[in-house]
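Residue strings, one per chain:
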Amino acid sequence: KAGVTQTPRYLIKTRGQQVTLSCSPISGHRSVSWYQQTPGQGLQFLFEYFSETQRNKGNFPGRFSGRQFSNSRSEMNVSTLELGDSALYLCASSLAPLAGRSGGEETQYFGPGTRLLVL
Amino acid sequence: AQKVTQAQTEISVVEKEDVTLDCVYETRDTTYYLFWYKQPPSGELVFLIRRNSFDEQNEISGRYSWNFQKSTSSFNFTITASQVVDSAVYFCALSEMGGSGNTGKLIFGQGTTLQVKP
């Protein structure tokens, strides 16, 4: 099975612009989560989607948004980019949501990430 | 509040040495999962193991072993006979299941960078 894929892999933007990142989960996985990784803050949870519904959201400003499509693919959008948004954005997919207590189906598998640089 | 602490920021060993990566967690939930992930320089987080709070059995997978102790809230990871390919950043993570309002996400430690020298 193909793993989680993320596009683009690298991105350079300037302050004030907006960006859309894409994530295709492992085939059959319906849950997608997004995480931001920075040297200062480490890995932080952004959102979790399951069956096109946002189930959980992390402590990020409203400039960060996301959505999930009927084929489970997900996108996240960051508007009005700031220098501090420079980070590695990781997408993870699982068969079931993390809180689902499905006995293993909620294990998250990560993609290679999108490295965003904001100048 | 939930928290994961990996006190070792960096560890350097020589190939074939054994090394233990420490992980201490805090949670008020009685039901939770613990994970270890490996992040090589390519950036992708590679899943290593998942353990639920009701299963304190230690696990061994090849050169990898994990020691889960609820009494000390620790979930330590040992690599036996380390190899250069083990060089990576290792993350311990917690996922709460008990309805504390913090479910549905992985809470990561800060990571431990392991360097295995030939």
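What you see is a predicted model, and the numbers here were worked out from it, not measured in a lab.

(A) Structural context of the sheet that holds strand β8 (residues 74-78) of chain A. Residues and elements named next belong to chain A. Judged by pairing direction, the sheet is antiparallel, and its four strands sit side by side in the order β1-β3-β8-β7 without closing on themselves. In this open sheet, the two edge strands, each paired with only one partner strand, are β1 (5-7) and β7 (64-68). With strand direction ignored, the average angle separating the axes of adjacent strands in the sheet is 20°. Pairing geometry for β1 and strand β3 (residues 19-24), over three bridges, is antiparallel. Pairing of Q6 across the sheet is with C23, part of β3.

(B) Inspection of the pattern of salt bridges at higher detail. Residue and element names in this part refer to chain A. A full pass over the atoms with the stated rule returns eight salt bridges over all chains. When the shortest N-O distance is used, the salt bridge between R63 and E82 registers 3.6 Å. With R63 in the loop between β6 (53-57) and β7 and E82 in the loop between β8 and β9 (87-94), this residue pair connects regions lying 19 residues apart in the sequence. Overlapping salt bridges bring together R63, E82 and D85 as one network.

Cut-off values and rules
Residues numbered from 1 in each chain as written. Chains lettered and ligands numbered in written order. Predicted model: local features only at pLDDT ≥ 70, side-chain atom pairs only at ≥ 80, totals over all residues. Heavy atoms only, no water. Pairing = 2+ DSSP bridges. Helix = DSSP H or I, 4+ residues; strand = E, 2+ residues; numbered from the N terminus. Axes fitted to C-alpha atoms, helices over the stretch in contact; angles between N-to-C directions. Salt bridge = Lys/Arg side-chain N within 4 Å of Asp/Glu carboxyl O.

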